[in-house]
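# Tertiary structure, described
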Amino acid sequence: LDTSTRTLCIYTSTDTTFVIYSFDDGYSHLSNLATHDLYGKFGITNIRSFCIQFSSNFVWFADQGGLIRKMNFVDGTLVTGKLQQKTKHMKAKYLKMVPGGSCILVEDSEGKIHPIMTETYTLLPDITMIERMFTLNDSVFGMVQSQDKNSLEIQRLIVTGSMSISHATRIEESKIAGKTSDIKNKHWLSYLYSVYVKFPVQDLLNPEQKPFDFMFRVFGECDLKKLSDVTARFLKSIMSGLQKTNKPLDFLNLGIYHESIAKSSVEVPEIDELSFKSPMLTTLEQITKKLIGFIPTQIARCQMNHFVPLTDGCLIQVSGKSDVFNVKDSMSLGMYEAVFNSWKGPVKVVTSMGKQSTGKSYTLNHLTGSSFNISGGRCTDGCWMSIRVTADCLYVILDFEGLGSFERTDQDDMLLSLFNSAISSLTLFKTEHSFDRDVDRIFTRFNLGSKQLERTEKIFSGKFMIIIKDVAEHGVEEVRNEFEQKIEKVIKRDPKSNFIRMLYGGGHEIYPFNPFESEDYYSETITLLQIIQKDIQPHFMDGKSFMDMMKLLLAKFAINDFSPVDSQYVEARFKFLCDHLENAMIYGQLNKELPKQPENSLTNQDDTWNQISKKKNVGYPEIDLVFSIEDSELVFDASHFTAIVKNFSSRCPPNHQNFCFWRKALETHLLDCLKMRFSTVQHWINENIKKFDGQVGFKDLLERITASRTNLENKMRGDFSLCSETCDECFLECTQIKKHHGSHACSSSTHMCSAPCEFCPKEDNICKKTSSCSSRLGHLESHKCKEVNHRCGKRCSFFEKNTCDKECNLPVIHEGEHHCGLPVHCCLKKCSLDACGEQCKTDVNIIHSVHKCHKDQCIEKCSIPTCENNCAANNHFHAHTLSERFKEERCIETEPDFTLDGNPYHSNEHFCDRDHACDEKCEMEGYCKTKKKKVESNSKEESRGEFKGALSQFSYTDSYVEEGKKQKCLMRIPALRKEHTGKHLCSLDNEKKHYCTKVCPTCENICEKQHGHDKTEGSLHTTRHGNMRNCHFVVNQDDFDVGGHRYQVGEPAKAEMCHIFCSSLGRGHIHVVKCEGACHNTTNVGRRHETCKYGPNKNQQKDEMLHSAYWESIGFEDPCQEGDIESFGLCPFYCNGPDHIRRGKNGKILDEERSYCTLNLWHEPVSPTYDGSGTVVNGHLFPCTHKFASYHFVLSLDDSGSMTGKPWDELVESVTAFMKNRQSVSPRDKFSIIQNNETAVLVAEYRTVTEYNPCDLKFRGGGTSFKCALQKVDEVIQNNIGNNPSRGYATMEMTRKEQPVLLFMSDGICDDGEQEMKILRDKYKDKYDFECYTIGFGRENLEKLKDLAKIGGGEYRECLEAVDLKIAFREIAAKYPVLASAMK
């Protein structure tokens, strides 16, 4: 089991079968990828050992004869040739794959370990004396026993570039002393070779920084000079190996500094620093940035159509996130964020994409100095990020996994490539030196994403550079021209929306590279870097803006949100400000729960290191107070109000003499503090939005945040003010917050007046000293102490009226009634206004029926529903019947209820004195905006985007769907008004776009065009299509495959996206809809009644529609590429002629250019008598013609004495398998069989392959003669040429036109045949395209057969075992597909 690819391989020894399974993402469902019967396919009856190279989809095994085999476990093909030639001398007993798959360790029958490179089959130095190999923690170890049997050594077997090394740990037998092992091992320092092979020696981005110097100290007990020589030779060998790579090694010399030291030495001499080069000075900051960028981090991956961001290397769960901003806020890039936040210079993003195993990571490492993983197989999963910092630029390096692998779907590749093109300044697309069908398929996947996102100044503005690997200098122009022509075809296929035009604003460039490890390879790397440094323009001018954009893109891709980025980027900033506005106003920081740290402070989000804070000197001359206040120290909530008052009081304590001035200064101070906070917040907002000024929606968003800020300011001014009531303990006013709870209290702790007694100095005979006043603070009468009886002390005369409970404060001897000293004795009855609840403050001596408290303002709330402020009317009884009675009793003239800008205003409505936000919805037609919303689902699987079907289970992205929203009116309701004039509008911009309300019936996404556009004739709706949640699969079979997903008829199509689904169906596909009689209307072009029954409900009448007709019928623009749209309406049948297919030596298809029927879909059959250009086959018209329609295979089989018994039976099996292959592929083929020893006999002549009978092959035995066999071949071909054309291409309607193909097989040698083979070539090669294969069977020296193949202009196949013979015949059969047939 390999967890990185989620692949399981099971081998059953009873029937020699490999079964390959694939797990889904959650390891909850298992699907069968392939089953390979080794005996049925290759005649292999048993295998000794096997191991899996999951990264490259290969299984390695040793067959019953000990021969090493390598099989692709996806398509079941065996790799032959070079591997067998290099390993045929080994009798393999045990195989072990090293981690990473770069090397396989083969243990032979003698116990020797042979390391073999898996890609090149290079044989590395043998590892001897290994007792047993075993695996532990993803490493391969070997156990070695010393010759004296007294110690056991565990070796970790490690393979690098071109040598085998081991790191040994010795386990000594403790009871035996004085005995040591004499085992020689490669030293662990050979790691240095691997490091400098995989990674660059010189940092090209920082050329002034030289490689490290090494000082090697070797401790030993033997001859130190000899040890020193050994060390020097060892280091020199590493340098020699590195020099063979042709890398520039000017600054690296591992052998310069080394010394040998006696192991018994007590003191180790200090290193002579002068012997080293002068070290370069560097800062801790530079070192830290290097360390951070040294280790790449994975930021995203794709799995089963799902783009998944990672934070700190862990998957982000987006299922609970409501929108793109919540997903973005949950991301973290770890220590990389510190670098991005602090970087103030330009940022360039260099990315690498391409086919798997083309050296993408290697090129990036040597170009930029990064350290991405390198392997011969699949080594990159998703997208990995690294950074490189130079003096004037920050380089962000992104390494993407190889495209086109079987583990990934078309949508996976589309999402990765779309993210890459969106963020990159330069994309390096690495590919082989031929533009094959794999590259064309990858570019097609790129095209799928070209319409998903709009290009802006920041995204899709990079350059697309095609790096062509391994191009020799003489072939540069030829390869460049080939790629230019193919790129032009890609562009012409869809001139308006091809991926180069839509996704790469910087255009494209083709850059051929010399072969790997040539001198020119590394010089071209330097040239490419100079292009990046000089010609590639940065799209981000600081690290913070880049990080914000990358996080936003990651979040958008995670939830399939492809709405425009620019407006969303502006919205993201305003949303951030709005979310933190209240905390900023009250607490002066982003989060009230967190401590006051830089990251929690009010900063410009584009420059988070510069905190926005204010400091102000304030002065209050009335109380002679000047001091400084710091905005960041202020908190404006009820719990901190007392702290501000206490701080003010500590600087200037209140007293009886200055209380009025002190209170007034305190009120001013509170207002100053608020104003400073308001100014700080306003500055914080301005700094964070200034770069967005002028962008779409900026004015509206600014208006909304300004309204929110104004409302908060007004609320804080009202809430953060002093209470106007009297202290419960004295006569001073309360100094608590306005809406406090509990008793009223001033700022005094004693509430007693401290002024000197006014009577004590006048009565020296009574009082010996002056005492303080004993009255409460704020009293109006004279200051009197309590030590001498200066007061009357009797009950105040108002006691009897229940309006006073204090003592008389007049002198002992006074005239008139007793009086406590209060200026007015209030009525104290409940205020006549029921909602008030306060006591009447009217003088008890005044006759009155309307009781009024101390409040003058109206206490009702503002009549605007969303407003929490009190009414601003200066009339306590405003809009009440008591108002007029009160005025009559008090003889008060009628005054205006409100005053606005100096103008009187009368109204019985309750209003505050501020304008208000309108709470109504916009009245404009159409949707004001569209937004992604969470899809409501009935199961956890659906909410997570998991498809559970009858035949497959997988994850997909389907958590969000678009919904149209009407925004609130942005107009302000003027003060003292209930509504504004004019319509309710969501924008101050008259040109603001309101979206059409039409939704796609397939995916439910909303049309992106202006509302009302469909009133113009011919205007179709358009949208960015999503998952087909309103569709199910209707087909004329039980199950089918779409892009690697297996479905059963009737299952929902919600896992597929509209345009990708159509692209997957490809040329000539149709759409099936319910029949409503429209198919009978002759004007409905592209629609007809069903021609077969479609499930799941076959009784329901249905119609078939062409692709373009379907999209036109639903009123939406076709979302597919222009070139694809055209092909969807064409006939899907194609010619299967060999001229259209380019194959490798093993028969594997390298490239294919199909020749399709030139007519439209649903065309009438073309008559066989058609006399125009092209070829007619089965009613289809093809533009191609072919020289031959079938083949004549002539098999010359060796039945000499050495082939007796099992070899002959194995040969008959191979021939039978060959014939069965041709019967299934092209039953019109002809064959002739000749058996030859010292004579040749014709067994079968010019029969169809369906007439083959293995019983016709009778073994004879005898000697060997090639001459007589080849003469018989000449006779058979000559007799059956018939009237074949002499030259040129004939049409497919001609007869007797088979191409002669010779298969000459032998296991022996002789000294004739050269002249006869030359005759065959001269007579039939040019005229009839004669082809020949010589097949050598066994382990004899068969050089003669190689020479014959060369003379005949053909190929030689070496078959060591029966399985090789079977493979050779099968691969030759596969090279000749059926000709002149129409395939669909």
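The structure this text deals with has already been given above.
All values derive from a computational prediction rather than experimental measurement.

## Some words on the side chain of Arg388
Secondary-structure assignment places Arg388 in strand S21 (residues 383-389). Residues in contact with Arg388, not counting those within four places in the same chain, are Asp203, Leu205, Asn206, Thr368, Gly369, Ser370, Cys393, Leu394, Tyr395 and Ile397.

## So, the sheet that holds strand S9 (residues 103-108)
With antiparallel pairing, 3 strands are arranged side by side in an open sheet as S8-S9-S10. At either margin of the open sheet sits one strand with a lone partner, and together these are strand S8 (92-97) and strand S10 (113-117). The mean angle between the axes of side-by-side strands here comes to 25°, regardless of whether they run parallel or antiparallel. As paired elements, S9 and S10 share 5 bridges and run antiparallel to each other. Across the sheet, the residue bridging to Cys103 is Met117, located in S10.

## Here we look at the sheet that holds strand S1 (residues 7-12)
Reading across the sheet, the 3 strands line up as S1-S2-S3 and stay open at both edges, with antiparallel pairing between neighbours. The two strands at the open ends of the sheet, each matched to only one other strand, are S1 and strand S3 (30-37). Across the sheet, the mean angle from the axis of one strand to that of its neighbour is 20°, orientation sign disregarded. With 6 bridges connecting them, S1 and strand S2 (residues 17-23) associate as antiparallel partners. Each bridged residue has a counterpart across the sheet, and for Tyr11 the counterpart in S2 is Phe18.

## Quick look at the packing of aromatic side chains
Applying the stated criterion to the full structure yields 51 aromatic pairs. Ring geometry for Phe947 versus Tyr1047: centroids 5.3 Å apart, planes at 75°, classification edge-to-face. Placement of Phe947 in strand S34 (residues 946-948) and of Tyr1047 in strand S39 (residues 1045-1048) is noted, with a sequence separation of 100 residues between them. Considered together, Phe947 and Tyr1047 belong to a single accessibility category, that of buried residues. An aromatic cluster of at least three residues, connected via ring pairs, comprises Phe429, Phe435, Phe443, Phe446, Phe464, Phe483, Phe499 and Tyr504. One Lys or Arg, Lys70, reaches over the ring of Phe58 and ends 4.3 Å from the middle of that ring. Looking at Arg1154, its charged tip hangs above the ring of Tyr1134, at a distance of 4.0 Å from the centre.

## Some details on the pattern of salt bridges
Inspection of every chain in the model, using the stated rule, returns 41 salt bridges. A salt bridge links Arg663 to Glu667; the nearest nitrogen and oxygen atoms lie 3.9 Å apart. Of this pair, Arg663 and Glu667 are both found in helix H17 (residues 659-689), 4 residues apart, which corresponds to roughly one turn of the helix. Note that Arg1024 and Glu1008 form a salt bridge whose closest N and O atoms lie 2.9 Å from each other.

## Brief notes about the pairing of S39
Here S39 shows one buried face, formed by His1045 and Tyr1047, and one open face, formed by Arg1046 and Gln1048. In the sheet, strand S38 (residues 1039-1042) pairs with S39 via 4 bridges, with the strands oriented antiparallel. Note that in S39 the partner of Phe1040 across the bridge is Tyr1047. Between S38 and S39, which pair antiparallel one after the other, the connecting turn spans 2 residues, and Gly1043 there sits at a positive phi close to 55°.

## Notes on helix H16 (residues 638-651)
Residues spaced three or four apart along an α-helix face the same direction, because each turn holds 3.6 residues. Looking only at H16, the buried set comprises Phe641, Ile644, Val645, Phe648 and Ser649. Summarising the axial view, the buried residues of H16 lie within an arc of 135°, below the 170-degree limit, and thus occupy one face. For H16, the exposed residues set more than 90 degrees away from the buried face come down to Ser639, Lys646 and Ser650. For H16, the elements touching its buried residues are strand S28 (615-620), strand S29 (625-630) and H17.

## Observations concerning the pairing of strand S6 (residues 68-72)
Here S6 lies mainly inside the structure; 5 of its 5 residues are buried. Covered by surrounding structure in S6 are Ile68, Lys70 and Asn72 together with Arg69 and Met71, the residues of both alternating faces. In this sheet, S6 lies alongside strand S5 (residues 58-63) in antiparallel orientation, the contact comprising 5 bridges. Residue pairing across strands places Phe61 opposite Arg69, the latter belonging to S6. What sits between the antiparallel neighbours S5 and S6 is a turn of 4 residues, in which Gly66 has the positive phi angle 85°. Direction of pairing for S6 relative to strand S7 (residues 78-79): antiparallel, over a ladder of 2 bridges.

## As for unusual backbone geometry
Of note, the amide linkage connecting Gly1095 to Pro1096 takes the cis form, showing an omega dihedral of 10°. As for its placement among the helices and strands, Pro1096 is situated in the loop between strand S41 (1087-1089) and strand S42 (1102-1106).

## A short note on the side chain of Ser22
Assignment of secondary structure puts Ser22 in strand S2. Sequence-distant contacts of Ser22, defined by excluding residues within four places in its chain, comprise Arg6, His29, Leu30, Ser31 and Leu33.

## Let's talk about the packing of helix H14 (residues 543-558) against helix H15 (residues 565-587)
Contact pair H14 / H15: the axes reach a minimum separation of 11 Å and the direction vectors enclose 110°. Compared by their axis directions, H14 and H15 come out roughly perpendicular. As H14 runs across H15, the sense of the crossing is right-handed. Contact with H14, carried on its side by Ser545, Asp548, Met549, Leu552, Leu553 and Lys556, involves Val565, Gln568, Tyr569 and Arg573 of H15 and no other residues of that element. Classifying every residue of the contact of H14 with H15 gives 5 nonpolar, 2 polar and 3 charged.

What counts and how
- Residues numbered from 1 in each chain as written.
- Predicted model: local features only at pLDDT ≥ 70, side-chain atom pairs only at ≥ 80, totals over all residues.
- Heavy atoms only, no water.
- Helix = DSSP H or I, 4+ residues; strand = E, 2+ residues; numbered from the N terminus.
- Contact = heavy atoms within 4.5 Å.
- Pairing = 2+ DSSP bridges.
- Axes fitted to C-alpha atoms, helices over the stretch in contact; angles between N-to-C directions.
- Phe/Tyr/Trp six-rings, centres within 6.5 Å; stacked < 30°, edge-to-face > 60°.
- Buried < 20%, exposed > 50% of the residue type's maximum accessible area, 1.4 Å probe, protein only.
- Lys NZ or Arg CZ within 6 Å of the ring centre and 35° of its normal.
- Salt bridge = Lys/Arg side-chain N within 4 Å of Asp/Glu carboxyl O.
- Arc of directions from axis to C-beta.
- Parallel < 35°, antiparallel > 145°, perpendicular 65-115°, else oblique.
- Left-handed = near helix turned anticlockwise from the far one by under 90°.
- Nonpolar A, V, L, I, M, F, W, Y, C, P; charged D, E, K, R; others polar.

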